[in-house]
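Residue-level structure breakdown
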Amino acid sequence: MKIEKQAILNALKTITVAGEGANMVDSGAVTNVMTFADEIVVDLKIATPAMHIKKRAEKDIIDIIKNKVSSDAKVQVNIKVEAPAKPDNPNLIKGKAIPGIKNIIAVASGKGGVGKSTVTANLAVSLTKMGFKVGILDADIYGPSIPLMFDVFNERPLSVTVDGKSKMKPVENYGIKVLSIGFFTKPNQAVIWRGPMASKALNQLIFDADWGELDFMLLDLPPGTGDIHLSIMQSLPITGAVIVSTPQTVALADARKGVAMFRQENIDVPVLGVVENMSYFTPEELPDNKYYIFGNGGGKNLAEDLEIPFLGEIPLVQSIREAGDVGHPAALQDGSPISEAFTAITRDVVEQTVKRNKDLPATEAIKITTMAGCSAAKN
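Read on for a plain summary of the structure. (Residues numbered from 1 in each chain as written. Predicted model: local features only at pLDDT ≥ 70, side-chain atom pairs only at ≥ 80, totals over all residues. Heavy atoms only, no water.)

1. Observations regarding the overall build of the chain
- Each helix and strand counted, the chain has 10 helices and 13 strands in total.
- Residue burial in the chain is summarised as follows: out of 379 residues, 48% are buried. (Helix = DSSP H or I, 4+ residues; strand = E, 2+ residues; numbered from the N terminus. Buried < 20%, exposed > 50% of the residue type's maximum accessible area, 1.4 Å probe, protein only.)

Have a look at this one:
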């Protein structure tokens, strides 16, 4: 007796795959039915690899065909597991360029206390003095210091409507746009957040803000090589990274790890160079003397060893610390040796950004599955 395919389908409509709701035929679980004399082959697609689900589905199909179609039929069930795509993590926004922002530069360090925020602030000021439009995202969630360095510690971002959507307007001083988690916390309030919460806050600062047109966005990253760094690089296509270190061996060892992070195969962010901070101390009363308190030439040697540019050195000078503490970055002091030092470093950063944009394709935001030009620049 010939077995009708439609009879088989009608029988299969009376059963379901466990946990999938609709019957096997209407849900699309049954992908094909073939008959050969007294032999029936059913191809089934399910969403779970659980063995008990597969065994139950196979038994249900064999039983229903033998009960409703033919008790003598030889039934073969081929099961293929196709798990549905995992939904996006709502705490992470997939990496995408921010309209109007031409270059995103991450300023990073392997360890804390090397002056990374000081370098970020003075790079921003020097870029602005050169005529660029600049913004700073203070991504140091647990130790934000940029609001203090720009004398906007008591300011709060305003809300503006852009294309029908409410956006944060960055706080601005010295011609530089700034956003920081520090604007939303009290001075004596510690930020005690797990990674997903910190990532969500950063995404709001990045994508729910009206940054406008920027030639450079500087990211002041926290020290180390952790979760915040990965979240940032998953959210944004970073043009390049600047590594800040002091000359002593312990700082250089951590700076090396910072470079290694950006060079990871699944990250691959170009490193624009190394800045050595606190390179030497010159007393005010002995302006021709240099005392290498933390060592001599460590940053330059590291850059040569890793074959990346050495962007310059910044001396250990009291006025740099004082300027940051009062919210008036040292690079604002026109004609001073410190201002000239930051200007020289900034020129090198711009030059390396131009070279990077000319020689390399645009960076893509990373897609991490396991933990394992400055065409915008003005000539």
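What follows picks up the thread again.
2. Details of the pattern of salt bridges
- Tallying each qualifying case throughout the model produces nine salt bridges.
- Ionic pairing is found between Arg-256 and Asp-305, a salt bridge with its closest N-O pair at 2.9 Å. With a gap of 49 residues between them, Arg-256 in helix α7 (residues 249-263) and Asp-305 in helix α8 (residues 298-306) connect regions that are remote in the sequence. (Salt bridge = Lys/Arg side-chain N within 4 Å of Asp/Glu carboxyl O.)

3. Observations regarding helix α3 (residues 116-129)
- Between its first and last C-alpha atoms α3 spans 20 Å; for 14 residues at 1.5 Å apiece the expected length is 20 Å, and the two agree.
- Counting buried residues in α3 gives 13 out of 14 residues, a clear majority hidden from the surface.
- A positive backbone phi angle near 105° is found at Gly-131, which sits one or two residues after α3. (Expected span 1.5 Å × (residues − 1).)

4. Here we look at the packing of α7 against α8
- In the contact formed by α7 and α8, the axes pass within 11 Å of each other and the chain directions differ by 35°. The chirality of how α7 crosses α8 is right-handed. Between α7 and α8, the contacting residues are Leu-252, Ala-255, Arg-256, Val-259 and Arg-263 on the first element and Gly-298, Gly-299, Leu-302, Asp-305 and Leu-306 on the second. (Axes fitted to C-alpha atoms, helices over the stretch in contact; angles between N-to-C directions. Left-handed = near helix turned anticlockwise from the far one by under 90°. Contact = heavy atoms within 4.5 Å.)

5. Overview of the sheet that holds strand β8 (residues 171-173)
- Ordered in space as β8-β9-β5-β10-β4-β11-β12-β13, the eight strands form an open sheet in which the pairing is mixed. The strands lining the two open edges of the sheet, one partner per strand, are β8 and β13 (310-316). The sheet shows a mean angle of 25° between the axes of neighbouring strands, taken without regard to direction.
- Packed on one face of the sheet, α8 meets β12 (271-281) and β13 and runs near 160° to β12. (Pairing = 2+ DSSP bridges.)

6. Quick look at the packing of helix α1 (residues 5-12) against helix α2 (residues 51-68)
- Contact pair α1 / α2: the axes reach a minimum separation of 9 Å and the direction vectors enclose 125°. In terms of orientation, α1 lies oblique with respect to α2. In the packing of α1 onto α2, the handedness of the crossing is right-handed. Here α1 contributes Ile-8, Ala-11 and Leu-12 to the contact with α2, which in turn contributes Ile-61, Ile-64, Ile-65 and Lys-68. (Parallel < 35°, antiparallel > 145°, perpendicular 65-115°, else oblique.)

7. Some remarks on the nonpolar core
- Leu-137, Phe-150, Met-217, Leu-219, Ile-232, Ile-238 and Phe-262 are the most contacted members of the largest nonpolar core, which totals 82 residues.
- Ignoring sequence-local partners within four residues, the contact set of Met-217 consists of Ile-98, Ile-101, Asn-103, Ile-104, Ile-105, Gly-135, Leu-137 and Trp-211.
- By size, the runner-up hydrophobic cluster in this structure holds 24 residues, among which are Val-17, Ala-57, Ile-64 and Val-75. (Core = buried A, V, L, I, M, F, W, Y, C linked by side-chain atoms within 4.5 Å.)

8. Here's the deal with the pairing of strand β2 (residues 39-46)
- Burial of β2 is extensive: six of the eight residues sit out of reach of the surface.
- The pairing of strand β1 (residues 30-36) with β2 spans six bridges and is classified as antiparallel. Residue pairing for β2: Thr-35 is matched across the bridge by Ile-40.
- In this antiparallel pair of consecutive strands, β1 and β2, the connection spans two residues, and Ala-37 shows a positive phi of 55°.

9. Side note on a nonpolar patch on the surface
- On the surface, a cluster of nonpolar side chains totalling about 350 Å² of accessible area is made up of Phe-281, Leu-286, Tyr-291 and Ile-293.
- Looking at the secondary structure, you find Tyr-291 in the loop between β12 and α8. (Patch = residues over 30% accessible without salt bridge, like charges linked within 9 Å, V, L, I, M, F, W, Y side chains within 5 Å. Areas by Shrake-Rupley, 256 points an atom, 1.4 Å probe, with all protein chains shown as cover.)

10. Observations regarding the pairing of strand β5 (residues 134-138)
- Across the five residues of β5, five count as buried, placing the element largely inside the fold.
- Burial along β5 is two-sided: Val-134, Ile-136 and Asp-138 facing one way and Gly-135 and Leu-137 facing the other are all buried.
- Both β5 and strand β9 (residues 176-180) contribute to a ladder of five bridges, which runs parallel. Looking across to β9, one finds that Leu-137 is bridged to Leu-179.

11. What about α8?
- For α8, the set of buried residues is Gly-298, Gly-299, Leu-302, Ala-303 and Leu-306. Looking straight down α8, one finds its buried side chains confined to an arc of 135°; they lie on one side.
- Where α8 is buried, its residues contact α7, β12 and β13.
- Among the residues trailing α8, Glu-307 stands out with phi positive, at a value near 60°. (Arc of directions from axis to C-beta.)

Keep in mind these numbers describe shape, not what the thing actually does.
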